[in-house]
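# Chain and residue survey
Chain residues, written in single-letter form:
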Amino acid sequence: MTILVVMAMGAEAAPIVRSMSLSVVDDAPPPMVWFEGSGLVIAVNGIDPVHRVDSIGTTPAALSTAAALARFKPDIVISAGTAGGFVSRGGYIGQVIVANGPVIHHDRRVPLGGFEAYAQGHYPTMDLQKVTERLGFTAGPCSTGDSLDAPPLDLAAMDTHGTIAKDMEAAAVAGVAARSSIPFTAFKVITDLVDSPEPTAKQFMANLEVASATLAVALPVFLTELNG
Ligand code: SAH
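What counts, and where the lines are drawn
Along each chain, numbering runs from 1 in the same order as the chain's sequence is written. Predicted model: local features are reported for residues with pLDDT of at least 70 only, side-chain atom pairs are reported and counted for 80 or more only, and whole-chain, interface and lining totals are derived from all residues. Processing note: side-chain calculations cover all non-hydrogen atoms of the structure and skip hydrogens and water entirely. Working definition: helices are DSSP H or I runs of at least four residues, strands are E runs of at least two. Numbering for both runs from the N terminus. The size measure is the radius of gyration over C-alpha atoms, and the globule rule it meets is 2.2 Å times the number of residues to the 0.38 power. When a residue's accessible area, from a 1.4 Å probe over protein chains only, is under 20% of the maximum for its type it is buried; when over 50% it is exposed; and in between it is partly exposed. Two residues qualify as a contact provided that any one of their heavy atoms is within 4.5 Å of a heavy atom in the partner residue. Per-residue and other accessible areas follow the Shrake-Rupley method at a 1.4 Å probe size, with only the shown protein chains counted as cover for residues. Residues scored as positive are Lys and Arg, those scored as negative are Asp and Glu, and His as well as the terminal groups of each chain are ignored. Note that the charge is assigned to NZ on lysines, CZ on arginines, CG on aspartates and CD on glutamates. Centres within 6.5 Å make a pair out of two Phe, Tyr or Trp rings, where for Trp the six-membered ring is used; the pair is then stacked when the planes are under 30 degrees apart, edge-to-face when over 60, and tilted otherwise. In our convention, an over-ring charge means Lys NZ or Arg CZ found within 6 Å of a ring centre and within 35 degrees of that ring's normal. Read the arc as the range of directions from the helix axis to the C-beta atoms. Here a residue counts as near a molecule or strand whenever at least one of its heavy atoms sits within 4 Å of it. We call two N or O atoms a polar contact when they sit within 3.5 Å, provided that within protein one can donate a hydrogen and the other can accept it, with sequence-adjacent residues counted only if both atoms are side-chain atoms. Each residue is assigned to one of three groups, with Ala, Val, Leu, Ile, Met, Phe, Trp, Tyr, Cys and Pro labelled nonpolar, Asp, Glu, Lys and Arg labelled charged, and all others, Gly among them, labelled polar.

### Thoughts on the overall build of the protein
Counting its secondary structure elements, the protein contains seven helices and 11 strands. By the compact-globule yardstick of 17 Å for 228 residues, the protein fits well, its C-alpha radius of gyration being 16 Å. When the backbone C-alpha atoms are referred to their principal axes, the protein occupies close to 45 × 40 × 40 Å. Relative to its full complement of 228 residues, the protein shows a buried share of 53%. Sequence-distant contacts in the protein: of pairs separated by 6 or more residues, those separated by 24 or more amount to 75%. For the protein, the accessible area works out to roughly 10200 Å², and carbon and sulfur atoms hold 59% of it. Considering the protein, the positive charge centre built from 13 side chains and the negative charge centre built from 22 side chains are found 3 Å apart.

Below you can see the structure in the form of structure tokens.
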């Protein structure tokens, strides 16, 4: 069995690549960076060649997922990384979340018949609620948008969805996996609380390192369960 984990930021991936002693795969299409070892592939979306920052967001996530699907033919695809949580829905910094129910794009609005649901995606995720709870993680709705902030229309979509993990990639990765009928889940660690008075970017920078370390510990435990 091969599990593909797609990650947006080098800093999110570094601790787990190190702790699992994964090796670099040398034929990744630039700027993507691929690592592999013991049935696991980590695809990092890479440094944007124009702006010289991590390729966060949905477009690089979809490109990266499509390229890695073609190359590795995985049995399961996981979007892993950090996310924003919600105090009002029980969220806290360092919380480990596994997707439950469909994942949506909370920032896409196309009120034109079937295009409304298409735009939001509503891509399926694996039913992992029992495993998630057994491991002490939280199972719940995840949603994706291409902005770090959360304007009122996005917040309303997230409230309707019951989002407990707001990120910038999961629905894009899920959409590509769904096109190939490959089981998908999202695995996220909360770095910031969307409904806290503190600015999101400040919280994110303060907690990124600890969250990435948490990811490096929690993700292997989760992967072992999926393999079993
Ligand atoms: N300030 C960072 C950029 C982080 S963008 C930098 O300087 O590099 C946020 C990244 O973390 C995205 O990949 C996204 O998936 C995730 N993320 C964490 N918290 C988020 C939030 N509140 N909203 C959206 N994405 C979030």
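Now that the structure has been shown, we can carry on.
### Some points on the packing of aromatic side chains
Applying the stated criterion to the full structure yields four aromatic pairs. Arranged with centres 4.9 Å apart and planes meeting at 70°, the rings of W34 and F72 form a pair that is edge-to-face. Of this pair, W34 sits in strand β3 (residues 33-37) while F72 sits in helix α2 (residues 58-72), placing them 38 residues apart in sequence. Given the relative accessible area of 2%, W34 is considered buried. Classification of F72 as buried rests on a relative accessible area of 10%. Here a set of aromatic residues connected by ring pairs shows up, and it is made of F137, F187 and F222. Between R89 and the ring centre of F86, over which it is positioned, the NZ or CZ distance is 4.5 Å.

### Quick look at helix α5 (residues 152-161)
Buried within α5 are the following residues: D154, A157, M158 and H161. The arc that holds the buried residues of α5, viewed along the axis, is 100°, so those residues lie on one side. For α5, the exposed residues lying more than 90 degrees away from the buried face are P152 and T160. Buried residues along α5 sit in contact with β7 (104-105), α3 (115-120), β9 (142-144) and β10 (165-167). Once α5 finishes, G162 follows within two positions and takes phi at roughly 75°, a positive value.

### Thoughts on the site of the ligand
Not every one of the 17 residues close to the ligand is listed here, only the nearest: T82, K166, M168, E169 and D192. For the ligand, a nitrogen atom lies 3.3 Å from a polar atom in the backbone of G84. At 2.7 Å from a nitrogen atom of the ligand is found a side-chain nitrogen or oxygen belonging to K166. Considering the ligand on its own, with 570 Å² of exposed area, one finds that the protein chains cover 83% of that surface. Among the secondary structure elements, those contributing two or more residues to the shell around the ligand are β5 (76-85), β10, β11 (184-193) and α7 (200-227). The residue inventory of the shell around the ligand, partitioned by class, reads eight nonpolar, five polar and four charged.

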